[in-house]
Amino acid sequence: MTDVNLMALCLWREARGEKEEGMSAVACVIMNRVKAKWGTLQKVILSKNQFTSISVPTDSQFSLNPKPGDKLYTKALDIAEEAIA
């Protein structure tokens, strides 16, 4: 999975209910941790208990994936691309 796709999935799972603002906030948290040298983008997102929808199998969001054409996931991809750039 590419960095953009992993980040978009994390944004979608963690904050899709908060729409664009919430997903942008999560993207800022991720990028701030990368810049603070917590590790690579993948290490930051996949670290246990940091973003439980990605790293904790008992999280109710863990197995959810967006359906084709999901507008919020498309927005999450846009936010992820912008944040990484």
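Residues numbered from 1 in each chain as written. Predicted model: local features only at pLDDT ≥ 70, side-chain atom pairs only at ≥ 80, totals over all residues. Heavy atoms only, no water.

Overall, the coordinates contain one salt bridge when judged by the stated rule. With a shortest N-O distance of 3.7 Å, glutamate 20 and lysine 75 are connected by a salt bridge. Note that glutamate 20 is positioned in helix 2 (residues 19-35) and lysine 75 in helix 5 (residues 71-84), a separation of 55 residues in sequence. For lysine 75, a relative accessible area of 29% gives the class partly exposed. (Salt bridge = Lys/Arg side-chain N within 4 Å of Asp/Glu carboxyl O. Helix = DSSP H or I, 4+ residues; strand = E, 2+ residues; numbered from the N terminus. Buried < 20%, exposed > 50% of the residue type's maximum accessible area, 1.4 Å probe, protein only.)

Right, let's get into the packing of helix 1 (residues 3-15) against helix 2. Their axes nearest at 9 Å, the elements helix 1 and helix 2 cross at an angle of 125°. As judged from the angle between their axes, helix 1 and helix 2 are oblique. Read as a crossing pair, helix 1 and helix 2 show a hand that is right-handed. In this structure, helix 1 uses Met7, Cys10, Leu11, Trp12, Glu14 and Ala15 to contact helix 2, whose residues at the interface are Lys19, Gly22, Met23, Val26, Ala27, Ile30 and Met31. Considered class by class, the residues forming the contact of helix 1 with helix 2 number 10 nonpolar, one polar and two charged. (Axes fitted to C-alpha atoms, helices over the stretch in contact; angles between N-to-C directions. Parallel < 35°, antiparallel > 145°, perpendicular 65-115°, else oblique. Left-handed = near helix turned anticlockwise from the far one by under 90°. Contact = heavy atoms within 4.5 Å. Nonpolar A, V, L, I, M, F, W, Y, C, P; charged D, E, K, R; others polar.)

Moving on, we get to helix 5. Counted at 1.5 Å a residue, the expected span for helix 5 with its 14 residues is 20 Å, and the 20 Å between its end C-alpha atoms agrees. Of the residues making up helix 5, those classed as buried are Tyr73, Ala76, Ile79 and Ala80. Buried residues of helix 5, seen end-on, are gathered within an arc of 115° and therefore sit on one face of the element. Turned more than 90 degrees off the buried face of helix 5, the exposed positions are Lys71 and Glu82. The elements touched by buried residues of helix 5 are helix 1 and helix 2. Capping of helix 5 at its N-terminal end is provided by aspartate 70; its side-chain oxygen lies 2.8 Å from the backbone amide nitrogen of leucine 72. (Expected span 1.5 Å × (residues − 1). Arc of directions from axis to C-beta. Polar contact = N/O pair within 3.5 Å; in protein donor to acceptor, adjacent residues only side chain to side chain.)

All right, on to the side chain of serine 53 then. Looking at the element boundaries, serine 53 is found in helix 4 (residues 52-55). The buried category is assigned to serine 53, whose relative accessible area is 1%. Residues contacting serine 53, with those up to four places away along its chain left out, are Cys10, Arg13, Glu14, Asp59, Gln61 and Phe62.

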